[in-house]
Each structure stands twice: as structure tokens, then as C-alpha cells.
Amino acid sequence: LAKKCGKDQMVKDLIFEAIYEKGENASDFDCLISIGSRAGMERDVVNDYLSRKEGEKEVLDKNNFARSKMNVSGVPCYILSRDDKTGGKRILRGAVPSNDITQALESLL
């Protein structure tokens, strides 16, 4: 819904703020409705969308794809890869020290 309304980045930012700065439960409908409203979407529209579970299949499909095809088992998960045909790819899971991220990036150069 947020993407259809052109509010996807703002909603993502507000979800992260709710979870990591305010300790809110972003899976709670009231929290999501509030986030949508703060992003400029109509509360009734967000409530309808959530109540109909309109985006549920898309989210579950994306989660299943990440798990089965990309080997993602949790967050954070950094998938670093090259665009060329060398197939260079690194996956970093969990709270990885910045030095490890730097080394992974350098190994792909």
C-alpha cells in the first residue's frame, strides 16, 4: 500500500523508528495504522488494507523466497555480490562488525 501511495521509504523509516527507537510493536495494526497516518495516508484506507490482508501473500512470498533462494534466516542479513559473471557473493548474518563488512566488500572488488 505504501508503495502504491508513493510513501514506501517514509513508511520504512517510520517502522524502523517505531521498532528501534520507540520500542513499539510494528506488527500491531494500531501501530501500523498510526505509521501510515504519519506518512500521510488515510487511516481508514490503511485499516481497510490491513483488515483485508491484501498484502499478506506478497509478504509471505517474499519471505519464502528470501529463505529458500537467498538463504536468509534472520535480520540483519547483508547479501553482497558482484554484477559481473565472476559470481562473487558474500552473505553476512547478524550484527557484523564494520571491519568484517569492509573486508567482505574489498574481497568482491
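The notes below deal with the structure included here. (Residues numbered from 1 in each chain as written. Predicted model: local features only at pLDDT ≥ 70, side-chain atom pairs only at ≥ 80, totals over all residues. Heavy atoms only, no water.)

Another aspect to go through is the nonpolar core. One finds Ala 2, Val 11, Leu 14, Ala 18, Cys 31, Ile 33, Ile 35, Ala 39, Met 41, Val 46 and Leu 50 forming the largest nonpolar core, which totals 11 residues. Not counting residues up to four positions away in its chain, the partners in contact with Ala 18 are Gly 23, Glu 24, Cys 31 and Ile 35. In this structure, Leu 80, Leu 92, Val 96 and Leu 108 belong to the second largest nonpolar core, which totals five residues. (Core = buried A, V, L, I, M, F, W, Y, C linked by side-chain atoms within 4.5 Å. Buried < 20%, exposed > 50% of the residue type's maximum accessible area, 1.4 Å probe, protein only. Contact = heavy atoms within 4.5 Å.)

Turning next to the packing of aromatic side chains. Throughout the structure, instances matching the rule amount to one aromatic pair. Ring plane angle 25 degrees and centroid distance 5.6 Å describe the contact between Phe 16 and Tyr 20, whose orientation is recorded as stacked. Here Tyr 20 and Phe 16 lie together in helix H1 (residues 8-21), a separation of four residues that amounts to about one turn. (Phe/Tyr/Trp six-rings, centres within 6.5 Å; stacked < 30°, edge-to-face > 60°. Helix = DSSP H or I, 4+ residues; strand = E, 2+ residues; numbered from the N terminus.)

Time to look at the pattern of salt bridges. Using the criterion set out here, one finds six salt bridges in the structure. Across the salt bridge formed by Glu 54 and Lys 4, the nearest N and O atoms sit 3.6 Å from each other. In this pair, Glu 54 sits in the loop between helix H3 (43-51) and helix H4 (56-70) while Lys 4 sits in the segment before H1, placing the two residues 50 residues apart along the sequence. A relative accessible area of 38% means that Glu 54 is categorised as partly exposed. Two residues, Glu 17 and Arg 38, come together in a salt bridge whose shortest N-O distance is 2.7 Å. One end of the pair, Glu 17, is in helix H1; the other, Arg 38, is in helix H2 (residues 29-38), and 21 residues separate them in sequence. Assessed through its relative accessible area of 23%, Glu 17 is described here as partly exposed. A residue is classified by how much of its surface remains accessible, and Arg 38, at 36% relative accessible area, is partly exposed. (Salt bridge = Lys/Arg side-chain N within 4 Å of Asp/Glu carboxyl O.)

The subject of this paragraph is a nonpolar patch on the surface. The grouping of Phe 16, Ile 19, Tyr 20 and Val 75 at the surface amounts to a nonpolar patch, some 470 Å² of accessible area in total. Following the sequence through the fold, Val 75 ends up in the loop between H4 and strand S1 (77-81). (Patch = residues over 30% accessible without salt bridge, like charges linked within 9 Å, V, L, I, M, F, W, Y side chains within 5 Å. Areas by Shrake-Rupley, 256 points an atom, 1.4 Å probe, with all protein chains shown as cover.)

Of the residues making up H3, those classed as buried are Val 46, Tyr 49 and Leu 50. All buried residues of H3 fall inside an arc of 95 degrees around its axis, so they share one side. Two residues or fewer after H3 comes Lys 53, characterised by a positive phi angle close to 55 degrees. (Arc of directions from axis to C-beta.)

With respect to the helices and strands, Ser 98 occurs in helix H5 (residues 98-107). Taking the C-alpha atoms as reference points, Ser 98 and Asp 13, 85 residues apart in sequence, are found 22 Å from one another.

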